[in-house]
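Inside the fold
Letter by letter, the chains look like this.
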Amino acid sequence: MNENARRPRGLGKRAWLTTTFVRRILRALVWSNVVRVTVIGRERVPETGPVIIASNHISMLDAVFLWGALRRRAIAIAMAELWSWPVVGWLVRRLGQIPVVRRDSESGQSALAQAEQIVRHGGVLIIYPEGRLVAPGEDEPYKPGVAKLALATGVPIIPVGTTGTDRVLPMRKVRGNGPAFDRRQRVTVHFGAPIDPADFDDPDKLLDHLRQRIEDLCADQPEPRVSGDVSSASERCQRGWRQ
C-alpha cells in the first residue's frame with residue numbers, strides 16, 4: 001500500500017472539528033447522568049502513532065461510547081446502512097468513517113484497504129471483528145481482517161471489552177416487552193494492554209488470542225447496577241470519561 005497516498009478524510013481538519021464538537025455533546029450527556037459510563041484503562045491507548053482498537057459488538061450504541069471514551073480522533077469500519085440514515089449518514093461522512101457492506105467480499109476488501117491507509121497515516125482505527133451485532137447467547141466467529149491488517153502493518157491492537165450497552169439499547173429481537181432504552185443501566189468500556197502482532201506468525205493464532213483477551217475484559221468488569229448506586233471507584237472512572 002502506498003504510504004504517500006492522499007491523507008484520509010477522517011484525519012483531516014474538518015473531521016477533527018466535528019469530532020471535538022460531538023465529543024463535547026457526549027460528555028455533557030455524561031455529566032447529566034443520562035447514562036452512567038465507566039471507562040477502565042484508557043491510558044493504554046497511545047497519545048500518538050497508529051493503533052487498532054478492536055471491540056466486541058453487542059449494541060448499536062457500542063460505537064458511541066467507545067468513540068466518546070477515546071481522546072484521539074478515530075475512524076471506524078461501520079455497516080454501510082448508516083450512510084443512508086438521516087443525520088447519522090451526514091455525521092459518518094463528515095467524520096470520514098469507512099462503510100462496509102456485510103457479506104460482500106469486494107466491499108470488505110475495499111474497507112480494509114481504506115483502513116490500512118488510516119493506520120499508515122498514524123491514525124486510530126476502530127474495528128469490530130465479529131462483523132455484526134451479536135445477541136446474548138450467540139457466538140459469531142471473528143473475521144480475519146483485523147489480524148491480517150495488524151500483521152501487514154505491524155500496528156498494535158488494543159482489545160476492548162464493552163458491557164452494558166445491550167441493556168441500555170437492547171436489540172429488538174431480544175428485548176421482548178422490556179424498554180427500548182433503559183438509562184438506568186451502566187455501561188463499562190474496558191481497554192486492555194496492547195497486543196503486538198510481531199509476537200504471532202499466523203493470523204488465526206492472533207485472532208484466537210484477540211478473542212480471548214476481549215472475552216476476559218468483558219468478564220473483568222464491575223457488576224451492572226442501576227442508576228443511583230455508584231461506587232467511589234466507578235465515580236473516578238466516570239470523571240475520567242468526562243474530562
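Residues numbered from 1 in each chain as written. Predicted model: local features only at pLDDT ≥ 70, side-chain atom pairs only at ≥ 80, totals over all residues. Heavy atoms only, no water.

1. Describing a nonpolar patch on the surface
Side chains of M60, W85 and V88 sit close together on the surface and give an oily, nonpolar patch of about 230 Å² of accessible area. Relative to the assigned elements, V88 resides in helix 3 (residues 88–94). Since its relative accessible area comes to 31%, V88 is described here as partly exposed. (Patch = residues over 30% accessible without salt bridge, like charges linked within 9 Å, V, L, I, M, F, W, Y side chains within 5 Å. Areas by Shrake-Rupley, 256 points an atom, 1.4 Å probe, with all protein chains shown as cover. Salt bridge = Lys/Arg side-chain N within 4 Å of Asp/Glu carboxyl O. Helix = DSSP H or I, 4+ residues; strand = E, 2+ residues; numbered from the N terminus. Buried < 20%, exposed > 50% of the residue type's maximum accessible area, 1.4 Å probe, protein only.)

2. Section: the sheet that holds strand 2 (residues 51–55)
Across the sheet, which stays open at both edges, the seven strands sit in the order 1-7-6-2-5-3-4 with mixed pairing between neighbours. Each having just a single partner strand, strand 1 (36–40) and strand 4 (98–100) make up the two edges of the open sheet. Direction aside, the axes of adjacent strands within the sheet are offset by 20 degrees on average. With four bridges connecting them, strand 2 and strand 5 (residues 124–127) associate as parallel partners. In the strand pairing of strand 5, A54 is matched with I127. Helix-sheet contacts for helix 4 (residues 105–120) involve strand 2, strand 3 (75–79), strand 4 and strand 5, and the interaxial angle to strand 4 is about 160 degrees. Against the sheet, helix 8 (residues 203–219) makes contact with strand 2, strand 6 (157–163) and strand 7 (186–191), and its axis sits at roughly 40 degrees relative to strand 6, the strand it touches most. (Pairing = 2+ DSSP bridges. Axes fitted to C-alpha atoms, helices over the stretch in contact; angles between N-to-C directions. Contact = heavy atoms within 4.5 Å.)

3. So, the side chain of D182
Its place among the elements puts D182 in the loop between helix 7 (172–175) and strand 7. Setting aside residues no more than four positions away along its own chain, D182 makes contact with R167 and V168.

4. Details of the pairing of strand 5
Taking every second residue as pointing to the same face, both faces of strand 5 are buried, with V124 and I126 on one and L125 and I127 on the other. Two elements, strand 3 and strand 5, share two bridges in a ladder whose sense is parallel. The partner of I75 across the bridge, within strand 5, is L125.

5. As for the packing of helix 4 against helix 5 (residues 145–153)
Close contact between helix 4 and helix 5 brings their axes to 11 Å; oriented N to C, the two are set at 40 degrees. The angle between helix 4 and helix 5 falls in the class oblique. The two elements helix 4 and helix 5 cross, and the hand of that crossing is right-handed. Contacts from L112, A115, E116, V119 and R120 in helix 4 reach G145, L149, A152 and T153 in helix 5. Of the residues in the contact of helix 4 with helix 5, the class split is five nonpolar, two polar and two charged. (Parallel < 35°, antiparallel > 145°, perpendicular 65-115°, else oblique. Left-handed = near helix turned anticlockwise from the far one by under 90°. Nonpolar A, V, L, I, M, F, W, Y, C, P; charged D, E, K, R; others polar.)

6. Things to note about the packing of helix 5 against helix 8
Look at helix 5 against helix 8: their axes get within 9 Å of each other, and the N-to-C directions meet at 115 degrees. Of the two elements, helix 5 crosses helix 8, and the hand of that crossing is right-handed. Only P203, L206, L207 and L210 of helix 8 make contact with helix 5, whose side of the interface consists of V146, A147, K148, A150 and L151. Residue composition of the contact of helix 5 with helix 8, by class: eight nonpolar, no polar and one charged.

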